[in-house]
Amino acid sequence: FPKLPKVTGKNPQLSAADAGTAHHPFLQNFSLRAFETAELAAEAGRLEREKVLSADEREALDLEAIAAFWNSETGRKIRQHAERVKRELAFTARFRPTELDNITGKQSDASLDDEFIVVQGVVDLVVLLPQEISLVHFKTDDVRAEDLKEMTRLYEPHLKPYAGALG
């Protein structure tokens, strides 16, 4: 999968974390019909005029990387189901400790067996199809191919409860 997006050095006014955060309102609000760099630039301009993005946030966007994602096999599949896409979808889910144990691979304290745990979060993007749910969690980390497996391992505990809640 192509990286989305590399932000280091795009805008010295924003930290890497702030630049990564700037991508969320863009990815939540841009038109899924815009997937070429020029169209994405027009969308970024529209979102700045509508005060969804600041000028610094707009500058921090790596529109070429975003376009590469939306033109990838994964991006094209998502766009084919645009009417079923939910972005920045908030959720609340109730889990028994054993359910979370199965999701996270960790063992909870046996004294919690009669309790439940409430998990809240926001999914970056989800495609809700009748027989399938696809979950996308955008990251702006600059990851080398050889580090992808490790990064996947690091983010997996974060994503598994999301998948469990959506399932």
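Not measured: the values here are computed from a predicted model.

A short note on the pattern of salt bridges
Argument step 1. One pass over the full model with this rule turns up nine salt bridges.
Argument step 2. The residue Glu-43 makes a salt bridge to Arg-46 at a minimum N-O spacing of 2.7 Å. Taken as a pair, Glu-43 and Arg-46 lie in helix H2 (residues 37-49) at a separation of three residues, close to a single helical turn.
Argument step 3. When its relative accessible area of 12% is taken as the criterion, Glu-43 is described as buried.
Argument step 4. Note on Arg-46: relative accessible area 23%, which makes it partly exposed.
Argument step 5. Arg-144 is the salt-bridge partner of Asp-147, the closest N and O atoms lying 2.9 Å from each other.
Argument step 6. Given a relative accessible area of 27%, Asp-147 falls into the partly exposed group.
Argument step 7. The network of salt bridges with shared partners includes Glu-43, Arg-46 and Glu-50.

Concerning the nonpolar core
Argument step 1. If you look at the biggest cluster of nonpolar residues, it comprises 21 residues, and the most contacted ones within it are Phe-26, Phe-30, Leu-40, Trp-70, Ile-78 and Leu-125.
Argument step 2. Among the elements that make up this core, the one with the highest residue count is helix H4 (residues 63-70) (five residues).
Argument step 3. Ranked by size, the runner-up nonpolar core spans ten residues in total, among them Phe-91, Val-119, Val-123 and Val-126.

A short note on the layout of surface pockets
Argument step 1. Each pocket or cavity is described by its volume, and for the second largest pocket that value is around 190 Å³.
Argument step 2. For the lining of the second largest pocket, the secondary-structure elements that each account for two or more residues are helix H5 (73-80), strand S2 (117-129) and strand S3 (132-136).
Argument step 3. Broken down by element, the residue count for the lining of the second largest pocket peaks at five residues, all from H5.

Thoughts on the packing of helix H1 (residues 16-29) against H4
What describes two packed helices is the angle between their axes and the distance between those same axes.
Argument step 1. Here H1 crosses H4 at 45°, and the two axes come no closer than 13 Å. Comparing their axes, H4 and H1 come out oblique. Once H1 is placed against H4, the crossing between them reads as right-handed. On H4, the residues touching His-23, Phe-26 and Leu-27 of H1 are Leu-63, Ile-66 and Trp-70.
Argument step 2. Here the residues of the contact of H1 with H4 sort into five nonpolar, one polar and no charged.

Some remarks on the packing of aromatic side chains
Each aromatic ring pair is summarised here by two numbers: the centre-to-centre distance and the angle between the ring planes.
Argument step 1. Tallied over the entire structure, the rule returns six aromatic pairs.
Argument step 2. Relative to Phe-30, the ring of Phe-26 lies with its centre 5.2 Å away and its plane at 5°, an arrangement referred to as stacked. Here Phe-26 matches Phe-30 in class, with each residue buried.
Argument step 3. When the ring of Phe-69 is compared with that of Phe-138, the centres are 5.4 Å apart and the planes differ by 85°; the resulting orientation is edge-to-face. Of the two residues, Phe-69 is situated in helix H4 and Phe-138 in the loop between S3 and helix H7 (148-166); the sequence distance between them amounts to 69 residues. Considered together, Phe-69 and Phe-138 belong to a single accessibility category, that of buried residues.
Argument step 4. An aromatic cluster is defined as three or more aromatic residues linked by ring pairs; in this entry it consists of Phe-26, Phe-30, Phe-69, Trp-70 and Phe-138.
Argument step 5. In this structure, Arg-87 is placed above the aromatic ring of Phe-30, and the distance from its NZ or CZ to the ring centre is 5.3 Å.
Argument step 6. Positioned above the aromatic ring of Phe-116, the side-chain terminus of Arg-94 is 3.9 Å from the ring centre.

What counts and what doesn't
The residue numbers shown here count from 1 along each chain, following its written sequence. In keeping with the model being predicted, local features are shown solely for residues with a pLDDT of at least 70 and side-chain atom pairs are shown and tallied solely at 80 or more, while totals for entire chains, interfaces and linings include all residues. Water and hydrogen atoms were dropped before computing side-chain values, which therefore reflect all heavy atoms in the structure. We count a salt bridge whenever a side-chain nitrogen from Lys or Arg sits within 4 Å of a carboxyl oxygen from Asp or Glu. Going along the chain from the N terminus, every DSSP run of H or I of four or more residues is numbered as a helix, and every run of E of two or more is numbered as a strand. The buried label goes to any residue with under 20% of its type's maximum accessible area, the exposed label to any with over 50%, and the partly exposed label to all in between, with areas taken from a 1.4 Å probe on protein chains only. The term nonpolar core refers to a set of buried residues drawn from Ala, Val, Leu, Ile, Met, Phe, Trp, Tyr and Cys, joined through side-chain atoms within 4.5 Å. Both cavities and pockets are sets of points on a 1 Å grid over the protein atoms alone; in a cavity a 1.4 Å probe fits but cannot get out, in a pocket the set is open with protein on both sides within 12 Å along at least five of seven lines, and lining residues sit with an atom within 4 Å of a point. Grid points are joined across faces, edges and corners, and a volume is the space filled by probe spheres set on the points. To get an axis, fit a line to the C-alpha atoms, keeping to the stretch in contact for a helix; angles then go from 0 to 180 degrees between the N-to-C directions. Roughly parallel covers angles under 35 degrees, roughly antiparallel covers those over 145, roughly perpendicular covers 65 to 115, and oblique covers all other angles. Crossing chirality is assigned from the near helix's rotation relative to the far helix, an anticlockwise turn below a right angle marking it left-handed and a clockwise turn marking it right-handed. Contacts are assigned to residue pairs that have any heavy atoms within 4.5 Å of one another. Classification used: nonpolar for Ala, Val, Leu, Ile, Met, Phe, Trp, Tyr, Cys and Pro, charged for Asp, Glu, Lys and Arg, polar for all others including Gly. Classification of ring pairs rests on two measures: the distance between centres of Phe, Tyr or Trp rings, Trp counted by its six-membered ring, which must be within 6.5 Å, and the angle between planes, read as stacked under 30 degrees, edge-to-face over 60 and tilted in between. Lysine NZ or arginine CZ positioned within 6 Å of the ring centre and within 35 degrees of the ring normal marks a charge as sitting over the ring.

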